[in-house]
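# Coordinate inspection notes
Residue-level listing of the chains:
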Amino acid sequence: MELDPLSIIAPARVKVLLVPVGRVKQSRFTGFVQRLQSVNVVRLGDVSPDNRPHRKATFSPLAFPEGYILYDLSTSLPPSSHSALAPLELYQEILVVVGLADGNNARLDSGHHERERGEQTDGDDDVSRQSQVRLLVQALETMIDDFPNALVHQLLIFDHEEISLPERIYTVPAPSKSRTTTIKTIMCDLTSRLLAEMATYAKSLQSLHSLDTPRAVNNNGVSANNAGSALPSYISGSANNGSPRPFSPVDDRLKSEKRTTSPAKLPSNLASGDLTPRSRPSSPPNDMRAPPVSFNEGTGPARVATPSQVTNHDRAASRDRMSAAGLSSSVIGERERSRGKGRIGIVIGAMYLLAGRWPDAVKELVQNAATARNNSDYVWHAKAMDYVMVCLLMYAWAGMDFRIPENLFPGTEKPGSSSSKSSKQTNINTLPDTTVSKSTDPETRAASLRNLTSLLPDLASNILNLYARAWTFTDDKLLSLVFSQTAIRYAKLLGAIHRSNSTLDDGALRHIVLNTDLESNRDEAIGTSSYSTKGDIVELLFRGYPELPKEISINAADRTMILAGIASVLSDLGYHRKRALVLKELLMGLLPALVQARKDGAAEMGVHPAASLASLNATVNAFSPENSEGLHDGNEQGMRSFLSYVCQSYGVVPFGFTNEVLVNGSAKTTNKGSEQVPDTDQARIVEAIASRALLQASAKAFGSQELKLDILRSCINVCETLPDLGGALQYSAELLRIGGSGIAPSSDSSDGSPDLGVEEQVRLVNNISRTLSAARQLGIEHPESEYWDDFLVRGIDAINLKSSKTLQSHSKTEMKLATTTTAQARNPFIYNPFLKNRSSVSEEFPLVAMEESLFRVTLQNLYDFDIAVERVALLADGLPFESEPQSTIIGPYRTQTIHLSGRALSRGTLTIHGCSAKIRGCRERKFPTVKEPWALKSDVKGRYLDLARKKHSNARNPDTAKNKTVPSRSGPHLAKLTLDVLGAQPAVILKSVSAPQAAIMLLVGQSKRITVTLQNASSTSTADLLLVSFDDSVVSRRQSALSSQDFSAVELYELELASTHKQSLKWVRDDKDKDPIIDPGKKIDLEIEISGLSDLSNSTIQVDYAHLGIPKEDIKDKFYTRQLVIPLTITVNASIELKDLDILALPDSFPSKQQPWLDQSTAEANDGTKSLQTSPTINHESLLNHTDTPTSSQPRCLLLLDFHNYWSSALTLTIEISDPPSASTPNVHTRRIASGTTERIPITLARIYLSNPYAQIPSINPANKRQFVVSATKHSAEAERTMRESFWYREALLSCLSARWKDESTGRNGEVDLRSLKLSSHMLAALKLPDVDIKMSVTSAESSSPSSTLLSEAEPVDVSKIGPSEYMVPISTFLTLKTDIYNRSSTPIPPLLRLQPTLANQPQNIALDLNKKLLVNGLLQRVLPALEPSERRTVETTFLVLSYGKYEWTASVEEIVPAAAAQRQKEGGRARAATGELDVLSDVGRRIWVAEDPCVVIARDASITTDSSRDTES
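Let me begin by describing the structure that accompanies this report.

Conventions used here
- Residues numbered from 1 in each chain as written.
- Predicted model: local features only at pLDDT ≥ 70, side-chain atom pairs only at ≥ 80, totals over all residues.
- Heavy atoms only, no water.
- 1 Å grid on protein atoms, 1.4 Å probe; cavity = no way out; pocket = protein on both sides within 12 Å on 5 of 7 lines; lining within 4 Å.
- Points joined across faces, edges and corners; volume = space filled by probe spheres on them.
- Helix = DSSP H or I, 4+ residues; strand = E, 2+ residues; numbered from the N terminus.
- Nonpolar A, V, L, I, M, F, W, Y, C, P; charged D, E, K, R; others polar.
- Polar contact = N/O pair within 3.5 Å; in protein donor to acceptor, adjacent residues only side chain to side chain.
- Pairing = 2+ DSSP bridges.
- Axes fitted to C-alpha atoms, helices over the stretch in contact; angles between N-to-C directions.
- Expected span 1.5 Å × (residues − 1).
- Buried < 20%, exposed > 50% of the residue type's maximum accessible area, 1.4 Å probe, protein only.

Another aspect to go through is empty space enclosed by the protein. Across all of its chains, the model carries 10 cavities of 30 Å³ or more by this definition. When its volume is computed, the largest cavity comes out at roughly 190 Å³. Mapped by element, the contributors of at least two residues to the lining of the largest cavity are helix 20 (682-701) and helix 22 (725-739). Ranked by residues supplied to the lining of the largest cavity, first place goes to helix 20 with 4 residues. Split by residue class, the lining of the largest cavity holds 8 nonpolar, 5 polar and 4 charged.

Structure representation (structure tokens):
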């Protein structure tokens, strides 16, 4: 983990530079560094002292074994401005350089194992090993030459077994072969050498008279004495001659090519050299050479420029430097000598601090701080106090007891002064106590920590005041870098103590020393007051803000570091807005420096500054997300990470804020032919994307939109200046996203317009395009940015193409309704689910595995430029799924619909969450489906103003955080499309139709069969379910009519009967008990019968098929079928139709033998019109010419049927008559009718009697067969009776008649529809027989009757019957009128007989005047006993005719009790239940029957009567 360079304990860290040697992979080099960084803290008690003479006394680890050395292991060179601060800040200089080599590449073990086993080695192996060792020695010497200022140079060969190698070259075993103390031992050995070299360096410092203070100069940053390295070169003179080792400067060319943020890598190809590296000899004896009188002539681990190397400008800039030439010790004044010794002592104390000898460091620093104070050496005085404070913190971290020196407290300049409040708290000895030990008393240690905590604010202010005083009153104008770093370091320290409840506890100390995370304990009661408020800390911090006078400048790198440190402290304290302003200032100051650096680099390359410099680092840096972050430790970030951090400070949530898998980890939707592995985390990913969209929208609503846009524009300028092509793409996309609306508007809304102007949007898009082109020219693969709109996909729907392969869902009950397993035809009134309207099918339908499906995808573009979508594919999980990618261009500010195809590879449940899209210039990513409009609701009440709060905000007020409940905002609703995927299904296609072009011509009444051949095109699936349905124009009209409520019962019955028995198409099956099956690749023939109906124009055969794989009875929930529709074109022409009908009642005088046809000779009509106009006289003889017709006494009627031939040729009509209806063999008669003619055909038929002609009209539809039906009729009871009576007699008549036609020339034949006939009232009266039949006859009275004659002696006279109901009788003779009554009904009738004689052919007033014309013996109206069913009863009435003339007797029978009342009496008087049915007999009243034929009596003279009877007999 990288250590904080602005930490308060940075002066206690030894800076170590780690460089790669030879060929080392970056990943392995990082691993080597991590192994060393794991033991960067070394305890002095574990270090063995160096055994070399003169090097083990000064910094011996045995003097203070409880001390620790902290190493700052870095892979980057420090800035030159930092190194120039030595020796004032010696910790800024690199003291140790360690080269890291990869043992896998250094072949040093050739022959080693053979020699261990005593085997003979090959000479070539020894030569190779020596060559490798020589290269390593050469690398070490090069490292010494490149870094001459370091005290220790060492080379480590990692992952190599231990072998004998030259000095300062060591091997490190692999981790698997290493012990837990292996790396620690190496670090201890390194520490031993460092302490020994530090002793030599300390002696060289003690031989000097004084040290110079690094100063600031105009526009140069440091003074002349700090132009190069700040320390003198190491004493490397030979022991024989005592001359110093020649200086070998670092190659300027190599330095210029090295980046200060990347490891300093040494060349791998080195020239051969000696096997022993040049080593630093021991320090010479003190008498070998005189000590130098100034720091310039001194020797040490770091070199400054020699007098010959110092320029005139350097001399002019360093006025207080003392040259050794021509000067003697007497020239130097006592004050200057004292100041110089104090400065050297402070540096020696700093070295003790680095060496872990804290007691010696405190002693040296306190003593020399007093010297510096007495000499008004403010800079060194402040630095000494700073070092002492670091020593005290190290004491506290190590758990030791310590006492604070007196001179650290304010007011020590005036003894006895009470100006400092801290001086009153503790009584401290004047001299520091350097004896320390582990703390055994917790109270004593706690008191020491409290005193130290209380001292820190005043001490920090005192140190900064001393620096400021030096700037004002002396010539030691200190660099502003030191002042700012000191202010930031103490602000960090005070901030850490403040965040730890103002307590310097163990957690805070570990955070300060080891840079661990600070865990504050809020539940403990500290009991101490806050010594520094946040405001005080911020005030101290901003004292280090780099705002010095213009004549004193600070370079951009140092200014950036200072501002970054200030921003870090502000972030820890919770001042996020101040932090944001500082970061913006940092960014604004960084941009000019980058521009100037680009110009300088272009000048060195000899190119124009506007030319792209990405070629310098294109392969390393141009598109690295973190700018070579892998070369550094985990905490060191690149420029792009810094820019993202700045953006977050202003509320810009970058794409990288969420897990990278949400953006870059999208499962690639494979192209056609390759399989996509189902991603079980797709739902989680799209939900996280929606959460990110909510977070980004919330962040967008927080803060100033203009500030966000400005900061993003600055980021783009920085990336273009670097140049960082990837960053330019990233922040251009970020600017488009932040400048967009960030909502999902509705289709008719205009709220989605972005905040950016059209020109800026186009400029950003063009910038992205140019950047991509430049990246491709540099050979960078896949330069991409992030797409700026999360709501690209606004809808995904599966498209039902309504083709023959579309699947439709059916329930198990629908299978029972639609399947016909018996010989009965399917009931047309039962709902057929397979004939429902296909347009009403639900949009959610299943898919079929391995079959392509089509999806409709809606994409949106809310910006004012075109979006080029290079590839978009469906994003699905649950099943393996293939999606065919498509490309499209979305126009400005619109939604656009495209069609994508895909197929599932197995059965199951498929869920489509969205799309994976690749936008031109953007990386492929996932987009969820957002169908509903969404926009973040405005925060009117301000409940979400703390959206950008950090984790420590809640930690600061835990009780408030627990009790405060803020309702969460709802994010966009994600829509997903869930589809069932079925297994392989058959594909039935139409192979052929027997009718040419599926067109058929029929005549009305004709039937024809066609053959339809189907084939299963599937090669794997069997069609084990085959359901055939039909739909045509006739059925559609019938269904529409049946749904109407305006039809009467008779009309409804006709529709239902036609729907049941007159179907247009019918599937003729030979084996109806076996379900048809179509095997893969096989065919099946369907025989379809088509009937010619007058309204039939088009028809379709609908075949529903599926592969169930199980019996139909085992279907549990639902099943799916496919539908094949076969259209048929049918033309139906008219044939013979019944045009008119009439029924006439035949009198009883009609012959008893019937002949239904008129003789052909009687029909003297040439055409139909003449036949109708000239009704021929019925010839009885011609009607009775068939002698084989049985005689019948039943009354008969005459039917007159008019048939018209509409066909273009003559047709033969055949009529079948069942007379009586129960006859087994009907009478068949034929008549040929010419084209366009009408023929009237008379037919005699026995009259019909129905016992219950008022029965309810039935309904064929099962839906209407209910127990209680509320009648919808609007007829009266009388009209209902008439309608029912007509209906039933019409049905009886149609049951006796049937007709067919035939075309003799073509063989066509068919039925004639007779159901068009209608019965009028007179037709009904002629056809039906009454319930009571009344017949009358006249006979002579019996002679025995006492009143048989008026004259007892008169002879009886015969009565002559001259007609069916006509008699000739004599006058003045007693006659008997016999009235015969017959009950045809099935119920008893209580009759009331009424007889009425009248004069024939007379007006009513005369006809009823029978006075002195006719006498009747008895009553003309009498009540008779009940007439039982089928009972015949004769009633005799005696009458006498007194006058000649013609008389008529009429008879009527009236029931005494109505039938309805009789029925109620029979049922015991119970009233009929109100069922809603119209009771047609309830208000009939008493029925009356009248004799159809009156009895005619002609009274004449007896002689005439006798003669007439004789004539009749003859």
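Moving on: the side chain of H153. By secondary structure assignment, the location of H153 is in strand 5 (residues 152-158). Reaching out from H153, the side chain makes a polar contact with the backbone oxygen of F147 at a distance of 2.6 Å.

Right, let's get into the sheet that holds strand 5. Spatial ordering of the open sheet is given by 2-3-1-4-5-6, a layout of 6 strands whose pairing is mixed. Each of the sheet's edge strands pairs with one partner strand only, and the pair in question is strand 2 (41-43) and strand 6 (169-172). The mean inter-strand angle of the sheet, taken between neighbouring strand axes irrespective of direction, is 30°. Direction of pairing for strand 1 (residues 13-20) relative to strand 4 (residues 94-102): parallel, over a ladder of 6 bridges. Residue pairing for strand 4: V16 is matched across the bridge by V96.

Taking 1.5 Å per residue as the helical rise, helix 31 (residues 1277-1296) with its 20 residues ought to reach 28 Å, and the 29 Å between its terminal C-alpha atoms agrees with that figure. Burial within helix 31 is extensive, with 15 of its 20 residues counted as buried.

The topology assignment puts H810 in strand 8 (residues 807-811). H810 sits in the buried class, given a relative accessible area of 2%. Polar contacts involving the side chain of H810 include one to the side chain of T1121, which spans 2.9 Å.

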